[in-house]
Amino acid sequence: MSGNGRTVYIAGAGIAGMTLALALAKFGATVVVLERRERVQEVGAGLQLSPNARKILNRLGLDRALAARSFEPEGIDIYPYGFDRPLVTLELGKAVEQTFGAPYAVMHRADLANVLYKACKRFANIDILFGVRSYDVVSHARGVSVTVDEADGKSRAARAFAFIGADGVNSLTRTGVLMGPEAVYSGSVAWRVTLEEAALAGVVAADRTSLLWAPGFHAVTYPLPFRKQVNIALFAKAKADKAFGEDPPRAPDLPWAMKKSQQFAAILAAAGDSWGYWPLSTVTTEVWTEGGVGLVGDAAHAMMPFQAQGAVMAIEDAAILAPLLMTEADAESALGRYASLRRPRVERVRKLSDFNGFAFHLEWPFTLGRNAVVKLQGPRGHLRRLSWLYGYDAAPDPAGVPPVPRRPRQDVH
Ligand SMILES: Cc1cc2nc3c(=O)[nH]c(=O)nc-3n(C[C@H](O)[C@H](O)[C@H](O)COP(=O)(O)OP(=O)(O)OC[C@H]3O[C@@H](n4cnc5c(N)ncnc54)[C@H](O)[C@@H]3O)c2cc1C
């Protein structure tokens, strides 16, 4: 089978699914994406995109569209609990771009979804089916057989080279097709809200990210100037019966936090009851692939968001998997190589995220040691410490990429 003759089905038009679709389409594959929602994601909150993801997205031709909708914070102000001024400001901005060759940006996830979707629409060889009711996949020696119940009630049956589950933390491809495990509740929830730009004026810097540490909880804020908003995510522990109960709380219940931290007090006062509430679940599974079926993104390895790398890892997955699917003799070996390349890195990032959760939430007197180390590392210490993460290049330019049929519209903006 020639590279251009390959058809790949993907479940899920999220960040993983659409990035993979674009990467495959660039190599000339025919891609069909099955999305349960009626349209591309329109809601959500902010997302941080580190340079290791941005390099990949830039190579997919998205640099200008992303630059127009995202913001590059100058740095990260670290506020340990009770500090009125930052302990240290970790440099981002130019320091990151000079060190790693791509920016560190923040944006609204719906804006990223739209950039990806508009780029997908430019490819005649990507078909996104919205409102898909169900799908089934059978793997066999010469590929996979896929059946899909579409939005209009019609059923489609097709043969394909591979089927990739990019269907998120509660992936049906993982649990229903590969018979892998369910996601596990982490014991923590994320509270998210976007407020008007001025809501935290004078409390945190308008041109930087702020990371607020506290015993047992923490928060991240950053500006979203494209939407004239500020994004706030607050992470706290919650027992499973509360997190998944029928009547979840409407705002974080942290009354004493307001007494000792002017930043938390201002955030809780400004957000009121307008928070959204996400129980955080993780996925750890040996089952990433079987035959011509594989998993990418949260479906394979949902992790805690404390290093802001879940979507970034999904983007890296896509960049690694696409060329393998187009060059290996069969999907099983492509997916096997992909899994062995990705597992060690994803597990390292997961451990780092878990460690961050531990360090961010420390109580006195352990905070003293943590704060001393962070201060000692200085404003650029994180760039050295995280060079293995941010300096990674998952998508070296492919040589001899065949020309791809495109729809007439050219402008992604
Ligand atoms: C509070 C919070 C903050 C975060 N911040 C960051 C950050 O700053 N940076 C970062 O990199 N990551 C961050 N993450 C993690 C990031 O959001 C996820 O890792 C990322 O969205 C995973 O992308 P995905 O495409 O794998 O899954 P998803 O985004 O969940 O997409 C899955 C898609 O599959 C579709 N789908 C599901 N089931 C089916 C089905 N049966 N059939 C068809 N379609 C289906 C869904 O509708 C959806 O469109 C954060 C997470 C949280 C909770």
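Reading the values: rules and limits
- Residues numbered from 1 in each chain as written.
- Predicted model: local features only at pLDDT ≥ 70, side-chain atom pairs only at ≥ 80, totals over all residues.
- Pairing = 2+ DSSP bridges.
- Helix = DSSP H or I, 4+ residues; strand = E, 2+ residues; numbered from the N terminus.
- Contact = placed C-beta atoms within 7 Å.
- Axes fitted to C-alpha atoms, helices over the stretch in contact; angles between N-to-C directions.
- Domains from an automatic or database assignment.
- Nonpolar A, V, L, I, M, F, W, Y, C, P; charged D, E, K, R; others polar.
- Near = placed C-beta within 6 Å.

**Student:** Residues and numbers for the sheet that holds strand 1 (residues 7–11), please.
**Tutor:** What the six strands build is an open sheet, ordered 7-2-1-11-18-17; its pairing is mixed. Looking at strand neighbours, the two that pair on one side only are strand 7 (126–129) and strand 17 (289–290), the edges of this open sheet. Summarising the sheet, strand 17 and strand 18 (residues 293–295) pair through two bridges and their orientation is antiparallel. Across the sheet, residue Thr-289 finds its bridge partner in strand 18, namely Gly-294. Across the sheet, helix 1 (residues 15–26) touches strand 1, strand 2 (30–34), strand 7 and strand 11 (162–165), and the angle it forms with strand 2 is around 170 degrees.

**Student:** Which residues make up the domain arrangement of the protein chain, and what values go with them?
**Tutor:** We note that the domain assignment places domain 1 (3–71 + 107–184 + 282–354) and domain 2 (185–277) within the protein chain. Computed from C-alpha atoms alone, the centre-to-centre distance between domain 1 and domain 2 is 29 Å. Facing the 11 residues of domain 1 at the interface are 13 residues of domain 2. Considering only residue class, the side of domain 1 that touches domain 2 consists of six nonpolar, three polar and two charged.

**Student:** A description of the site of the ligand should follow, citing residues and the corresponding values.
**Tutor:** Gly-12, Gly-14, Gly-168, Gly-297 and Gly-310 are the nearest of the 34 residues found near the ligand. Those elements that place two or more of their residues in the shell around the ligand are helix 1, strand 3 (46–49), strand 12 (184–196), strand 16 (276–282), helix 10 (298–301) and helix 11 (310–327). The leading source of residues in the shell around the ligand is helix 11, at four residues. Considering only residue class, the shell around the ligand consists of 19 nonpolar, nine polar and six charged. Structurally, the shell around the ligand is a two-domain feature, drawing no fewer than three residues from each of domain 1 (3–71 + 107–184 + 282–354) and domain 2 (185–277).

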